[in-house]
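# Fold and geometry: a report
Here are the chains, one letter per residue:
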Amino acid sequence: MAFVVSSGSLATTGAGVTQGWAAPRLAAAPWEYATIWRRQPQVRTVIGFLARNVAQLGIHTFRRISDTDRERLHDHPMAELLGSPLPGMTHFRFVERMVTDIALYDRWTGIKIKHNGTLRILPVPPSLIHAQGGNWIAPEYFETAGGRQFGSDEVVYIHGYSPSDLVGGESPIEALRELLLEAHEAAKNRAKMWKGGARITGVLTRPEDAPEWKDHEKRRFREMWRSFADGGGAEGGTPILEDGMAYTPVGFNPEQAQYIEARKLTREEVSAAYYIPPPLIGILDHATYSNIKEQHAHLYQDTLGPWLAMLEQEFVAQVLPDLDDNAGVYCEFNIAAKMRGSFEEQAAAASTATGGPWMTRNEIRARNNLPAVEGGDELIVPMNVTEGGLASPRDTAPDTSGAPKARPRLGVKADSRPADLGQAAAERDAFVASLVGWTERVSAAFLTRTGAKDGTAVPDLLAQWAEGHEDRLAQLVALLTDHGYRMAQVGAWEVLAPWNPDGENWTPDAMFAWLMAAAETHAEQHEEAAREAIATVEEEGGDWQASLAVVGAGWAVAARARAETAATEARSFGGHDAASASGLNRKVWRTGGTNPRPSHKAQDGEQVDLDDVFSNGLRWPGDGQGATKEIVNCKCTVEYTLEG
């Protein structure tokens with residue numbers, strides 16, 4: 001490949017532009033693309049958003065070793081070039097200019113330069129360099145504003161699609177030009193209105209029987225009226241009409257013209273042309289927390305994804321061949337850093353993926369700028385991971401395959417249904433009564449202990465609540481496990497009775513580890529709900545005694561909903577466990593309750609394989625891995641069958 005060899009060429013490449021040199025007229029005439037970018041805030045906002053979000057992503061260089069392995073190259077010429085494309089120019093500014101030029105002109109040109117023996121790239125503004133000659137496939141050479149010519153192998157040339165040839169692209173601005181010109185004219189009209197004293201164009205009429213004006217009277221009225229226009233001194237005031245005169249507005253008023261809606265529409269159209277979700281550029285009419293989060297993922301997958309793939313491939317195709325040791329080398333934007341989610345989400349995923357804890361205590365202490373402690377370099381694995389049959393400390397339900405964790409050995413046989421085990425409704429009611437009663441007793445005890453009935457000043461409520469934290473959790477886990485175990489047996493015998501009345505290959509003990517893990521999760525959530533409410537009371541102050549009483553009542557209401565949900569979850573899991581032990585392979589959703597959710601009502605009778613999920617994403621009613629809105633207070637059930 002050929003290069004501009006000398007370092008001095010860097011300073012003279014764009015020199016020599018004279019008044020006599022005229023750049024070829026672009027398709028956007030009479031408005032050049034650069035003028036549109038400068039004057040149209042919507043275009044600048046959208047293109048700037050796009051360029052800055054691509055530029056902030058780091059780009060890494062790799063060598064492919066095999067189909068499943070690669071190594072990161074830190075000192076490869078490609079990595080050095082992308083890290084410092086030009087002396088004094090950062091990677092961010094380089095990529096920002098590149099993306100902006102492509103978004104605005106649908107083309108970008110960079111001249112290859114050898115600077116101190118190292119390949120560098122000089123980005124050239126599209127108005128200062130143009131492709132010349134050649135054919136409809138590729139240009140013969142490029143010419144700068146100063147008359148300097150460069151061969152096609154001396155230039156990095158990136159362009160988009162054109163229906164007429166393979167040499168250049170067509171800017172999205174062309175499709176937006178009429179809309180942008182319309183917005184520009186509307187802005188000019190708006191400026192004239194404010195310049196004219198914010199008055200709408202109109203006509204003045206006098207009654208037919210009004211006395212005839214003399215010339216000096218006409219001049220006097222005309223001068224008075226003009227004083228309310230720009231520079232008259234009475235802008236924004238109220239003129240006084242004479243002789244029964246009337247003013248009739250002509251044209252649109254600001255409300256009829258819908259200026260705000262028009263400006264918003266322009267931004268929406270521009271964002272659509274560049275495939276950017278409107279909420280990401282400030283149009284929040286239909287934005288919610290959940291869809292904003294989804295649109296953030298959409299940004300890096302669907303909006304920026306094609307851009308990143310295009311730039312990665314262009315670097316490899318046009319730059320890598322000029323570098324030594326390029327076998328198996330490629331570059332990749334570090335989009336994974338933006339898609340990893342929050343620290344909590346990353347930690348949960350890592351814990352699940354590794355099947356246990358994945359960081360030592362000293363590693364965590366180092367992240368928090370704390371010194372290492374003796375014995376802190378060993379992983380601490382909770383007992384429920386090694387003995388409880390769970391895949392990771394975060395599990396409270398079977399894995400995605402749907403199979404229970406601790407399957408009993410073949411040959412075991414359960415006893416008959418316990419005599420003291422009630423029916424589903426009775427066991428659920430007992431579950432609810434126990435949790436609600438416990439919650440009310442704890443709330444009352446806390447009110448008494450804090451002196452809430454004595455009219456005292458607000459104490460340190462959170463400190464007092466923390467004192468009994470461990471005891472409350474232990475009590476909650478015991479209560480929830482006991483009732484959950486009974487509900488799971490209810491669900492299991494509902495399946496065993498018609499399909500496996502002798503309980504072959506099934507024992508209730510196999511469910512205990514799962515149920516205890518689920519009880520721990522429910523206990524922590526119930527405890528945390530109270531702590532958050534108490535924190536709010538302490539922060540707000542005021543009549544904290546009354547607020548604390550309200551918190552207790554609300555916690556009891558939440559206890560009822562949690563007990564019903566946990567009961568449904570345990571009953572469903574027990575049925576699934578028994579169905580699996582009995583060799584059943586299909587399950588049917590049965591919608592229950594007097595006012596079921598639309599999603600649950602719509603799937604009544606839906607059948608799937610035993611290890612699959614239903615259309616609402618749940619494996620069974622109350623599935624702890626499902627969305628909260630799908631499981632709270634659910635009254636549905638599942639039937640199991642054998643097919644094939």
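Given the structure is predicted, the values throughout are model-derived calculations rather than measurements. (Residues numbered from 1 in each chain as written. Predicted model: local features only at pLDDT ≥ 70, side-chain atom pairs only at ≥ 80, totals over all residues. Heavy atoms only, no water.)

## With respect to the overall build of the protein chain
Tallying secondary structure elements over the protein chain gives 21 helices and 14 strands in all. Buried positions account for 40% of the 644 residues belonging to the protein chain. Pairs at least 24 apart in sequence give 70% of the contacts found in the protein chain among residues at least 6 apart. (Helix = DSSP H or I, 4+ residues; strand = E, 2+ residues; numbered from the N terminus. Buried < 20%, exposed > 50% of the residue type's maximum accessible area, 1.4 Å probe, protein only. Contact = heavy atoms within 4.5 Å.)

## Here we look at the side chain of Gln-489
By the secondary structure assignment, Gln-489 is in helix α17 (residues 469-499). With near-sequence residues (within four places) excluded, Gln-489 lies in contact with Pro-418, Leu-421, Pro-508 and Met-511.

## Observations regarding the packing of aromatic side chains
Going through the model one piece at a time under the given rule, you end up with 13 aromatic pairs. Here Trp-438 and Trp-555 contribute two aromatic rings whose centre-to-centre distance is 6.0 Å and whose plane-to-plane angle is 65°, an arrangement assigned as edge-to-face. Here Trp-438, found in helix α15 (residues 424-449), pairs with Trp-555, found in helix α19 (residues 544-581); they are 117 residues apart in sequence, far enough to count as distant. Here Trp-438 and Trp-555 have matching classes, each one buried. On the basis of an interplanar angle of 75° and a centroid distance of 5.6 Å, the ring pair of Trp-465 and Trp-555 is categorised as edge-to-face. (Phe/Tyr/Trp six-rings, centres within 6.5 Å; stacked < 30°, edge-to-face > 60°.)

## Quick word on the pairing of strand β4 (residues 118-124)
β4 sits mainly inside the fold: six of its seven residues count as buried. The sheet contact formed by strand β3 (residues 107-115) and β4 spans seven bridges and is antiparallel. Opposite Gly-110, over in β4, you have Pro-123 as the bridge partner. Turn length for the β3-β4 hairpin, with the two strands adjacent in sequence and antiparallel, is two residues, and the turn residue Asn-116 shows positive phi of about 55°. (Pairing = 2+ DSSP bridges.)

## With respect to the confidence of the model for the protein chain
Across the protein chain, pLDDT averages 78, with 76% of residues at or above 70. Confidence drops under pLDDT 50 across residues 3-12; counting only partners more than four residues distant or on other chains, this segment forms 23 contacts. Predicted confidence is poor over residues 383-411, with pLDDT under 50, and the contacts of this stretch with residues over four places away or in other chains come to 71 contacts. (pLDDT = per-residue confidence, 0-100.)

## Quick word on the nonpolar core
One finds Phe-431, Trp-506, Leu-515 and Leu-548 to be the most contacted residues of the largest nonpolar core, which totals 60 residues. Going through the elements one at a time, α15, α16 (461-467), α17, α18 (512-540), α19 and β14 (637-641) are the ones with two or more residues in this core. Each residue touching Leu-515, except ones within four places of it in the same chain, is listed here: Thr-481, Gly-484, Tyr-485, Ala-488, Ala-570 and Phe-573. Membership of the second largest hydrophobic core comes to 49 residues, among which are Ile-36, Val-54, Met-78 and Trp-108. (Core = buried A, V, L, I, M, F, W, Y, C linked by side-chain atoms within 4.5 Å.)

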